[in-house]
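# Understanding the architecture of this molecule
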Amino acid sequence: MTDIDNLNIGAYLVDKQKYEVREAPMPVIKNPDDVLIRIDYVGICGADQDMFLTGRFGIFDVDFPKIIGHEAAGTVVAIGPAVKNIKVGDKVALEPGVPCGKCEQCITGHYNLCAEVVFKGAPPVTGCNQRFVVHPAAWCFPLPGDMTTRLGSLMEPLAVGMHAANQGGVRLGDTVVINGAGTIGLCALAACRAKGATSLIVIDKSPVRLMKAEAIGAATINLNESDPIKKVAEITKGRGADVVIEASGNAIGFLNTAYYVRTGGCICCVGLGPKPIIEVDYQTLIYKEVTIKTVNRYCHDFPLCISALEADLLNTEGIITHEFPLEKIQEAYEFAINNKDIAIKTIISF
Ligand SMILES: [Zn+2]
Ligand SMILES: [Zn+2]
């Protein structure tokens, strides 16, 4: 490493809608189980866009100046003395949330629901939009063979999509409707296909997003051109879908899932919109005896996604649409926010 490589540079969100790229404190390995990573790529998530736009994340205010970012991959440059699973030079994807390991949720295998989770990039915890990051080795997943860290930066949303497919109980031969073809919708689509769903229908209104869904193997419905309820009925010959994945976060989108799902089917909700309370067709859901599942991030899904990618079972073609260098992070966020119809996943290269 040269001196210039040893300098940590961070992208600080200094105020609403304002980034500043400048020198940041060099993170140091304090815990023997930690590793130091030279970050290569970080994806821009919907939550990051909200924090940039409004200075808020859920119920928390962003404590400016703040380094956010949680969809990260990079190369290991140093390891703590107790690290065994990772060596210097390994390419890794970072699972950003480190759970406590001691609570009821953690010990019963639902670590994604741990209330004590320390999640990189969720204020007040410092995130990954910086050149160097220290992270526990157990939450760094090596990328095999020629798998790139560029693809590695997609692992976090891919894990959400995989968890949605798992929560929905998608099985071989299933018909699946996915409402919303943003990053999470497309990642869920790839995961459902990998799990053996044979009829996949994706609903959105952006022709570019729908084109991406078609490239991954879905039939598509453009909301601006046809009535999605009639169209789903037509494609499924009146039966409806075994599983409906709601990935738009839109209130009407969720209401309509009751009409897409078959009697006895499952609705799996992963999209989270701004309205906490929304309308449902309770009567239809009762008569159809529908199972409703929800998704909060992911649980043991990073290794699954990496194996499936390595076996060429997950088609993520075209989900990363735009890339900006660190110096242009301000422009990158503005672009991602203002071009939602064409920008699916925008990433920052470090
Ligand atoms: Zn994310
Ligand atoms: Zn816990």
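Quick summary incoming for the structure in this document. Computed from a predicted model, the values in this text were never measured in an experiment.

This paragraph deals with the coordination of the zinc ion (ligand 2). Perfect tetrahedral coordination of a metal by four donors corresponds to 109.5 degrees between them, and perfect octahedral coordination by six donors corresponds to 90 or 180 degrees. Looking at the metal site, the zinc ion (ligand 2) is ligated by C100 (SG), C103 (SG), C106 (SG) and C114 (SG), spaced 2.3 to 2.4 Å from it. Around the zinc ion (ligand 2) sit four donor atoms, and with donor-metal-donor angles ranging over 105 to 115 degrees the site reads as tetrahedral. Along the chain, the residues that donate to the zinc ion (ligand 2) are spaced as C-x2-C-x2-C-x7-C. Residue classification places C106 among the buried residues on the basis of a relative accessible area of 13%.

Within the protein, C45 (SG), H70 (NE2), E71 (OE) and E156 (OE) serve as the donor atoms for the zinc ion (ligand 1), at 2.2 to 2.6 Å. In primary sequence terms, the donor set of the zinc ion (ligand 1) follows C-x24-H-E-x84-E. Of this pair, C45 sits in the loop between β3 (34–43) and α1 (46–54) while E156 sits in helix α4 (residues 155–167), placing them 111 residues apart in sequence. Across the pair, E156 and C45 agree in class, each one buried.

So, about helix α10 (residues 302–310). Residues of α10 that are buried include every one of F302, C305, I306, A308 and L309, and no others. End-on view of α10: buried residues confined to an arc of 165 degrees, all on one side of the axis. Buried residues belonging to α10 abut β7 (91–94), β11 (140–142), α3 (149–152) and α4.

Pairing in this open sheet of six strands is parallel, and the strands run β14-β13-β12-β15-β16-β17 from one edge to the other. The open sheet terminates on both sides in strands that have one partner only, identified here as β14 (219–222) and β17 (291–294). On average, adjacent strands in this sheet sit at an angle of 20 degrees to one another, irrespective of strand direction. The pairing of strand β12 (residues 175–179) with strand β15 (residues 241–246) spans four bridges and is parallel. Residue N179 lies in a different strand from β15, and its bridge partner there is E246. Strands β15, β16 (261–269) and β17 of the sheet are contacted by α4, whose axis makes an angle of about 150 degrees with β16. Across the sheet, helix α8 (residues 251–260) is in contact with β12, β13 (199–204), β15 and β16; its angle to β16 comes to roughly 150 degrees.

Before going further, it helps to spend a moment on the packing of helix α7 (residues 228–235) against α8. Where α7 meets α8, the axes come as close as 10 Å, and the angle between the chain directions of the two elements is 30 degrees. Of the possible angle classes, the one that applies to α7 and α8 is roughly parallel. The crossing of α7 and α8 is right-handed. For the pair α7 and α8, contact is made by P228, I229 and V232 and by N256, Y259 and Y260, respectively. Taken together, the residues of the contact of α7 with α8 break down into five nonpolar, one polar and no charged.

Counting residues in each nonpolar core, the largest one holds 50 residues, and the members touching the most others are M155, V176, I178, L189, C192, I245 and L314. Looking at this core, the elements with two or more residues in it are α4, β12, α5 (183–194), β13, α6 (207–216), β15 and α10. Once residues lying within four places of it in the same chain are set aside, the contact partners of L189 are I178, L200, V202, A213, I216 and A218. One finds V35, I37, C128 and I329 within the second-largest nonpolar core, a separate group that totals 31 residues.

Rules and cut-offs
Residue positions are given per chain, counted from 1 along the sequence in the order it is written. Each chain takes a letter, starting from A, and each ligand takes a number, starting from 1, following the order in which they are written. In view of the model being predicted, local features appear only for residues whose pLDDT reaches at least 70, and side-chain atom pairs are presented and counted only at 80 or more, with totals across whole chains, interfaces and linings using the full set of residues. Side-chain metrics in this entry use all non-hydrogen atoms of the structure; hydrogen atoms and water are not considered. Each metal's donors comprise the N, O and S atoms found within 2.8 Å of it (within 3.2 Å for Na, K or Ca). Water is not part of the atom list, so some coordination spheres may appear incomplete. Square planar and octahedral assignments, for four and six donors respectively, both demand that opposite donors be over 155 degrees apart and that all other angles lie between 65 and 115; tetrahedral needs four donors with all angles between 85 and 135 degrees, and anything else is irregular. Each residue is placed in one exposure class: buried if its accessible area under a 1.4 Å probe, protein chains only, is under 20% of its type's maximum, exposed if it is over 50%, and partly exposed if it falls in between. Runs of E in the DSSP output that reach at least two residues are strands. Runs of H or I that reach at least four are helices, and both are numbered from the N terminus. Each C-beta atom gives one direction from the helix axis, and the arc is the one those directions make. Whether two residues touch is decided by their heavy atoms; if any such pair falls within 4.5 Å, the residues are in contact. Following DSSP output, two strands are said to pair if at least two bridges run between them. Interaxial angle, 0 to 180 degrees, is taken between N-to-C directions of lines fitted to C-alpha atoms, where a helix line uses only the stretch in contact. Any angle from 65 to 115 degrees is called roughly perpendicular, while one under 35 is roughly parallel, one over 145 is roughly antiparallel, and all others are oblique. Here is the rule for handedness: rotate from the far helix to the near one, and if that takes an anticlockwise turn smaller than a right angle the crossing is left-handed, while a clockwise turn gives right-handed. Amino acids outside the nonpolar list (Ala, Val, Leu, Ile, Met, Phe, Trp, Tyr, Cys, Pro) and the charged list (Asp, Glu, Lys, Arg) are all regarded as polar, and Gly is one of them. Nonpolar cores are built from buried Ala, Val, Leu, Ile, Met, Phe, Trp, Tyr and Cys residues. Side-chain atoms within 4.5 Å join them into one set.

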